[in-house]
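Structure at a glance
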Amino acid sequence: MGSSSSSYAPKTIYLDVDGKVQKVVFSRHCSPCDIKELLCTSSNIPRTTAIMMVDPEGALVSMDPTMPTNSPNSLYKIVPLSTGQLGEKEDMFQNVLSQVAEQFSRAFRINELKTEVTNRLAMLEKRVELEGLKVVEIEKCKNDLKKLRDEMASRGGARVNCPCKYNFDDGKKVTPRRDVPNYPKYTLSQETVEALKKPTFDVWHWEHNEMLSCLEYMYHDLGLVKEFNMNPITLKRWLLAIQENYRNNPFHNFRHCFCVSQMMYGMINLCNLQEKLTLTDMGILMTAAVCHDLDHPGYNNTYQINARTELAVRYNDISPLENHHCAVAFQILSLPECNIFANVDTEAFKQIRQAIITLILATDMARHGEILDSFKQKVDNFDFTNEEHVTCLKMVMIKCCDISNEVRPTEVAEPWVDCLLEEYFMQSDREKSEGLPVAPFMDRDKVTKPTAQIGFIKFVLIPMFETVMKLFPQIEEIMVQPLRDSRDHYEELKQIDDAMTEKKKTESISLGGKKK
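Residues numbered from 1 in each chain as written. Predicted model: local features only at pLDDT ≥ 70, side-chain atom pairs only at ≥ 80, totals over all residues. Heavy atoms only, no water.

A closer look at the environment of N249
Applicable threshold: Secondary structure follows DSSP: runs of H or I at least 4 residues long count as helices, runs of E at least 2 residues long count as strands, and numbering of each begins at the N terminus. Remark: exposure states derive from per-residue accessible area (1.4 Å probe, protein chains only) relative to the maximum for the residue type, with buried under 20%, exposed over 50%, and partly exposed in between. By definition in these notes, contact holds between two residues if any of their heavy atoms fall within 4.5 Å. For the purposes of these results, a polar contact is taken to be a pair of N or O atoms within 3.5 Å, where, inside protein, one atom must be able to donate a hydrogen and its partner to accept one; residues adjacent in sequence count only when each atom of the pair is a side-chain atom.
Take N249: it is sitting in the loop between α7 (232–244) and α8 (254–270). On the basis of relative accessible area, N249 is assigned to the buried category, the value being 11%. Non-local contacts of N249, meaning those with residues more than four positions away in its chain, are made with H296, P297, G298 and E423. Here the side chain of N249 touches H252 through a polar contact of 3.0 Å, landing on its backbone oxygen.

Have a look at this one:
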């Protein structure tokens, strides 16, 4: 090999062709391919003759572009090869090609690229294999879960039921959707988005699918989907499962669930709770509101206990309905396809579960006085860093939302009174037929709309909302004043009813006197 500088100098080669010496000068830019092309296209050499470059001793000459030039005394010869010699020289030619290939390989790092590509392909194949295994495992788990549910259902059907007068099973099971939910995605207008944040929102103008979309929006808007790392499809499945597990009662139905949840969302915004509570607290408030009356049978706790129903027996007469709502809520959440808290760590989920149970149990009106008294003791020196204070506030908030219909405009609130009375009358009629005690405020022969509402607004709603107003003064105009107006409205109706009753009584007495 020549020096590095000689590799750039012009090349001179002397060739012996049929006894004649020919001098060939190549520029520094010529490659071995140029030399080969020249030799192969020479008019003195038949095109059918294989050409090899050899030195005077007959050895094959390397086509290395850096080879030194020769002299007239040391000629390279062009040797035509016969067919018999081709086989002998084939191996030598292959060696030359191998050398050239090796040099190209070094220049372009072909081997390294090949190794890298091979490694990447191997990694991709491994990932594909692992993903395939995951899919298989998921399907296997789903099949195992289905078998387990079927087995539990068959065992449940075989057990001896308690001698209860009212059975809540009725063949009803939690039936979450396992396919990707396909309820229409409504694009909420800016007007609707703003209205959702206010207690004046009219809940009667929305179909179930629209209410589902509104609930979905609330979870996204409050940052709960991001905070709990919820899968958006799982959120949709969960909401569908929730809707399917509210019965078609006159009052305690999915629209009531939406009503309470929307009021909770409104209070969170109105009271600026994003600045005072954690996102976990808001997730607990919203989820408890959504789940608070799941699978309500339309007959209250008093009926459950007096009729000794299966629920009353199961929960030892202690808030049987509220305990049942909690059980159904977490039965739905226990299904992987509906578990919106699947990505929350175990310890955090335990705390969330306990907090949701605490709030749902707080909706039992039998505990109203106890909970409100506890809040009254804390409200004057309320501390948002005190966990006990915050828990008590959340309990009062879900109670406010649960019975907040009279906060809404009259045209929105009054139909709810009709729905509630219809459900009350269904219960009282059943209680009469079964020989059970009947509450006067549920007896269709004794109660009227004004009498049903006046006492409830004066002695339950106004005192509770006025206590909350001490902590959040901004609710007075939007929430407390409408309650006072509603109380006045029903008192006026009662006066009219009383006057009509008195008039009928007078007319009856007058007619009786004439008959005598």
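Overview of the state of the cysteines
Here a disulfide denotes a covalent bond joining the sulfur atom of one cysteine to the sulfur atom of another. Heads up, the rule is: Disulfides are defined as pairs of cysteine sulfur atoms found within 2.5 Å of each other.
One pass over the structure, following the stated rule, counts zero disulfides. No disulfide involves C400; its nearest neighbouring cysteine sulfur is the one of C401, lying 6.6 Å away. Residue classification places C400 among the buried residues on the basis of a relative accessible area of 0%.

Describing the UniProt feature "binding site: AMP" (unreviewed entry) in the protein
Short version of the rule: UniProt positions are given in the numbering used here, feature names are shortened, and annotations may be inferred rather than shown by experiment.
Residues given the UniProt feature "binding site: AMP" (unreviewed entry) here are H252, N253, F254, R255, H256, D293, D402 and Q453. Along the chain, H252 turns up in the loop between α7 and α8. With relative accessibility at 15%, the residue H252 sits in the buried group. Not counting chain neighbours up to four residues away, the residues in contact with H252 comprise R247, D293, H296 and E423. Within the fold, D293 resides in the loop between α9 (279–291) and α10 (301–306). Take D293: its relative accessible area is 6%, and that puts it in the buried class.

A look at the nonpolar core
Side chains of a nonpolar character, in soluble globular proteins, are inclined to be buried together. Where we set the bar: Residues belong to a common nonpolar core when they are buried Ala, Val, Leu, Ile, Met, Phe, Trp, Tyr or Cys residues joined through side-chain atoms within 4.5 Å.
Residues Y219, W238 and I242 are the most contacted members of the largest nonpolar core, which totals 106 residues. Looking at this core element by element, the count peaks at 11 residues for α8. Those residues in contact with W238, other than ones at most four positions away along the chain, are Y219, T287, V290, C291, I332, L333, C338 and I340.

Details of the packing of α8 against helix α15 (residues 387–402)
Note the cut-off: Here an angle of 0 to 180 degrees is reported between the N-to-C directions of two axes, which are lines fitted to C-alpha atoms, with helices fitted over the stretch in contact. Orientation labels follow simple angle bins: below 35 degrees gives roughly parallel, above 145 gives roughly antiparallel, 65 to 115 gives roughly perpendicular, and whatever is left gives oblique. In this scheme, a crossing is called left-handed if the near helix is turned counterclockwise away from the far one by less than a right angle; it is called right-handed if the turn is clockwise. Each residue gets one label: Ala, Val, Leu, Ile, Met, Phe, Trp, Tyr, Cys and Pro are nonpolar, Asp, Glu, Lys and Arg are charged, and the others, such as Gly, are polar.
In contact at an axis separation of 8 Å, α8 and α15 are set at 130 degrees when each is read in the N-to-C sense. The orientation of α8 relative to α15 falls into the category oblique. Here α8 and α15 pass one another in a crossing that is right-handed. Only M397, I398, C400, C401 and D402 of α15 make contact with α8, whose side of the interface consists of H256, V260, M263, M264 and M267. Across the contact of α8 with α15, the residue classes tally to eight nonpolar, one polar and one charged.

Considering the packing of α8 against α9
One way to put it is that α8 packs onto α9 with a least axis distance of 8 Å and a crossing angle of 160 degrees. Looking at the two axes, α8 sits roughly antiparallel to α9. The two elements α8 and α9 meet at a crossing, and its hand is right-handed. The residues of α9 that touch α8, namely those facing C257, V260, S261, M264, Y265 and I268, are M282, L285, M286, A289 and V290. When its residues are assigned to classes, the contact of α8 with α9 shows 10 nonpolar, one polar and no charged.

Digging into the packing of aromatic side chains
Quick note on the threshold: Two aromatic rings, drawn from Phe, Tyr or Trp (for Trp, its six-membered ring), form a pair once their centres lie within 6.5 Å of each other, and the interplanar angle then sorts them: stacked below 30 degrees, edge-to-face above 60, tilted otherwise.
Enumeration according to the criterion identifies 14 aromatic pairs in this entry. Here the aromatic rings of F201 and F258 are separated by 6.1 Å at their centres, their planes lie at 65 degrees, and the arrangement is edge-to-face. Residue F201 is located in the loop between α4 (190–196) and α5 (208–221), and its partner F258 is located in helix α8; the two are separated by 57 residues in the primary sequence. For F201, a relative accessible area of 4% puts it in the buried group. The buried category is assigned to F258, whose relative accessible area is 0%. Pairing F228 with F341 gives two aromatic rings, centres 5.3 Å apart and planes at 85 degrees, and the pair type is edge-to-face.

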